[in-house]
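# Structure at a glance
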Amino acid sequence: MGAAILQKDLREVAFLGRVTAAFTHEMKNVLAIIKESVGLMEDLLSMSQESPFPYRERFDRCLTSIQTQTNRGVELSSRLNRLAHSPDEAVARVELNDTLEQVIVLSGRFARLRGVSLELHPHEEALNVVLSPLRLQMVVFVCLECCWETMSPGGRICLMVTRAGREAAVRFFCQNGDGTEQDAAGPLSEAKTKQLIQEMVSDLDCRIAWSASPPAFHLILPVDI
Amino acid sequence: MAKFKVLLVDDEAEFVATLAERLAMRGFAPEVAFSGEEAIALLARNTPDVMVLDLKMPGMDGLEVLRRAKKSCPRIQVIILTGHGSERDEEAARRLGAFEHLNKPVDIKELVGVMEQAFDHCRTTES
C-alpha cells in the first residue's frame, strides 16, 4: 500500500515537472524573441545617431527597461526550469553551493513578503553530494520557511557552508531586524516541524545538529569525494 | 563580402528572422532554415562554415541534424542555441561534436564571438 502511494506520488511529481519544464522552455523562446526584437531596435537607433529624433532618450530608457525585465524573466524561467527538471533523476550528484543558491533564489519572494532577506556564504571549493536533488531543495526550503515565519521584518537568514573531512555542513543562522540573534533551532525544533524535517532528512541520508552559541541549526551531508 | 558562411536553424520563425537581420548588420549573410529537414537539404547545396542550431524542433530534432551534418561534412562547426537545454542534452550535443552550447536568449556580441571562434577552429582543422 505504502509503495503504491509512493509510486503514485512520484508519477504526479514527474508529471508536474515535465509540464512545467516544457512551459518554461516555451517562455524562454518568447523572451528570446522579445530580446532580439529590442536588440534590433537598439541597432537601428545606434545606426541613426546623427538623425534628429526628439524622443531618443525616452526611447532608449524604455528599451533598456525592456532588456532588464527580459533578463529578469529569463533568470526566473531558468530557475523554475531547473526546479522542474529536479525530479528527472531520483538520485544524482549535485554541487551543494550551487543547489543552495538555487533554493535561495526560489525562496526569495516568500522571504521578501515576510520582510526577511536571505544570504548564502558558499564554501570556497565545490562540494559534491549524491542524493535526491528535489528532496534537498525541499528540506532547505522548509528549514528557511520555519525560520522566516517566526522572524520580525528587516531580519536576515544566513546559510553558511563549511566542510569537515567527508562531511559538509549547512549552517542556518538568523538575525532579527534589530540586530539581535534569533535561535534558528527554536522554530525548527517545534515538535511537528522537527518530525517533518527529521523524516525528510532521513530520506536524504543526512542528519541535523544544533549549536548553542551562536544559536544555529546545521544540516550535515556526506560529501562525495 | 560576408565574413564566412553561416546557417541559422530554428523553427521559431520570428526569432531566427530577427537574429538573421541583426547578424546582417554585423557583416554576415546568414542563410535560414526553419526545420531540421530544410537544414539538411541546404547543407547538400551550400555547405556553411558555421551552423547555429536549435535543439527541439518538430520533425527532425537538432541532435539528429548535428549528427548528420558532422557525418556528411565534419568541418562544419555547430553552435547549439536553445531554450530547451538540459544538462543531458548539452552532454549529448558535445559528444556529437558541437563546438559550443549556448542558452537562449543570448547576447549578440557573445554569439558573434563564439561564431568567430568556431570559424577559426574550422580553418585550423582544415589546415
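This text follows the structure it describes.
Because the structure is a prediction, the values reported are computed rather than measured. (Residues numbered from 1 in each chain as written. Chains lettered and ligands numbered in written order. Predicted model: local features only at pLDDT ≥ 70, side-chain atom pairs only at ≥ 80, totals over all residues. Heavy atoms only, no water.)

On to the overall build of chain A, then. Scanning chain A from terminus to terminus reveals six helices and eight strands. Overall, chain A shows an N-to-C arrangement of helices and strands of α-α-β-α-β-β-α-β-β-β-α-α-β-β. Here the C-alpha atoms of chain A give a radius of gyration of 22 Å, more than 25% beyond the 17 Å that 2.2 N^0.38 yields for 225 residues. Each of the three principal axes of chain A carries a C-alpha extent, and together these read 70 × 50 × 35 Å. Evaluated residue by residue, chain A yields a buried proportion of 41% over its 225 residues. Sequence-distant contacts in chain A: of pairs separated by 6 or more residues, those separated by 24 or more amount to 69%. Taken as a whole, chain A presents about 12,500 Å² of accessible surface, with 58% of it coming from carbon and sulfur. Computed over 23 positive and 29 negative side-chain charges, the separation of the two mean positions in chain A equals 3 Å. (Helix = DSSP H or I, 4+ residues; strand = E, 2+ residues; numbered from the N terminus. Rg over C-alpha atoms; globule rule 2.2 N^0.38 Å. Buried < 20%, exposed > 50% of the residue type's maximum accessible area, 1.4 Å probe, protein only. Contact = heavy atoms within 4.5 Å. Areas by Shrake-Rupley, 256 points an atom, 1.4 Å probe, with all protein chains shown as cover. Lys, Arg positive; Asp, Glu negative; His and termini not counted. Charge placed at Lys NZ, Arg CZ, Asp CG, Glu CD.)

With that settled, the discussion passes to the overall build of chain B. If you tally the helices and strands in chain B, you get five helices and five strands. Radius of gyration (C-alpha) of chain B: 13 Å, near the 14 Å computed for a compact globule of 127 residues. Burial analysis of chain B (127 residues in total) assigns 50% to the buried set. Taking contacts inside chain B between residues at least 6 apart in sequence as the whole, the part at least 24 apart equals 62%. As displayed, chain B has an accessible area near 5,900 Å², and 50% of this comes from carbon and sulfur atoms. Taking the average location of the 17 positive side-chain charges in chain B and that of its 22 negative ones, the two points are 5 Å from each other.

The interface is formed by 19 residues belonging to chain A together with 18 residues belonging to chain B. Counting each side, the surface lost to burial between chain A and chain B is near 1,700 Å², with a carbon and sulfur contribution of 59%. Taken together, chain A and chain B are joined by three salt bridges. Notably, a salt bridge pairs Asp43(A) with Arg26(B), separated by 2.9 Å at the nearest N-O pair. Where chain A packs against chain B, one counts six residue pairs in polar contact (both at pLDDT 80 or more). Residue assignment for the side of chain A that touches chain B shows that the elements contributing at least two residues are α1 (2-47) and α2 (56-85) of chain A. Counting residues per element, the side of chain A that touches chain B draws most heavily on α1(A), which supplies 15 residues. Here the residues of the side of chain A that touches chain B sort into seven nonpolar, five polar and seven charged. (Buried area = accessible area lost by both parts, 1.4 Å probe. Salt bridge = Lys/Arg side-chain N within 4 Å of Asp/Glu carboxyl O. Polar contact = N/O pair within 3.5 Å; in protein donor to acceptor, adjacent residues only side chain to side chain. Nonpolar A, V, L, I, M, F, W, Y, C, P; charged D, E, K, R; others polar.)

As a further point, take the pattern of salt bridges. One pass over the full model with this rule turns up 22 salt bridges over all chains. We note a salt bridge from Asp224(A) to Arg93(A), for which the minimum N-O separation is 2.6 Å. Note that Asp224(A) is positioned in the segment after β8 (216-222) and Arg93(A) in strand β1 (residues 92-95), a separation of 131 residues in sequence. Residues joined in a network through salt bridges with shared partners are Glu36(A), Asp43(A), Arg22(B) and Arg26(B).

Quick look at the packing of aromatic side chains now. By convention here, two paired aromatic rings are described through the distance between centres and the angle between planes. Under the criterion given, the structure shown has seven aromatic pairs over all chains. Ring plane angle 80° and centroid distance 5.3 Å describe the contact between Phe110(A) and Phe141(A), whose orientation is recorded as edge-to-face. Pair noted here: Phe110(A) is in helix α3 (residues 96-113) and Phe141(A) is in helix α4 (residues 133-150), with a separation of 31 residues, a long-range link. Phe110(A) sits in the partly exposed class, given a relative accessible area of 42%. It is Lys104(B) that lies over the ring of Phe15(B); its NZ or CZ is 4.5 Å from the centre. (Phe/Tyr/Trp six-rings, centres within 6.5 Å; stacked < 30°, edge-to-face > 60°. Lys NZ or Arg CZ within 6 Å of the ring centre and 35° of its normal.)

Here we take up the packing of α2(A) against α3(A). All names here are of chain A. Where α2 meets α3, the axes come as close as 10 Å, and the angle between the chain directions of the two elements is 120°. Taken together, the axes of α2 and α3 lie oblique to each other. The handedness of the crossing between α2 and α3 is left-handed. The segment α2 lies against α3, with Glu-75, Arg-79, Arg-82 and Leu-83 engaging Asp-98, Thr-99, Glu-101, Gln-102, Val-105 and Leu-106. In terms of residue class, the contact of α2 with α3 is made up of three nonpolar, two polar and five charged. (Axes fitted to C-alpha atoms, helices over the stretch in contact; angles between N-to-C directions. Parallel < 35°, antiparallel > 145°, perpendicular 65-115°, else oblique. Left-handed = near helix turned anticlockwise from the far one by under 90°.)

Residues and elements named next belong to chain B. Inspection of the secondary structure assignment puts Asp-89 in helix α4 (residues 87-95). Here Asp-89 falls in the buried class, since its relative accessible area comes to 14%. In contact with Asp-89, other than residues within four places in its own chain, are Leu-55, Lys-56, Leu-63 and His-84.

Glancing now at the pairing of strand β1 (residues 6-9) of chain B. Residue and element names in this part refer to chain B. Because side chains alternate across β1, one face comprises the buried residues Val-6 and Leu-8, and the other comprises Leu-7 and Val-9, equally buried. One ladder, built from four bridges, connects β1 with strand β3 (residues 50-53); its direction is parallel. The residue of β3 that forms the bridge with Leu-7 is Met-51. Bridging between β1 and strand β2 (residues 31-33) involves three bridges; their strand directions are parallel. Note that in β2 the partner of Val-9 across the bridge is Ala-33. (Pairing = 2+ DSSP bridges.)

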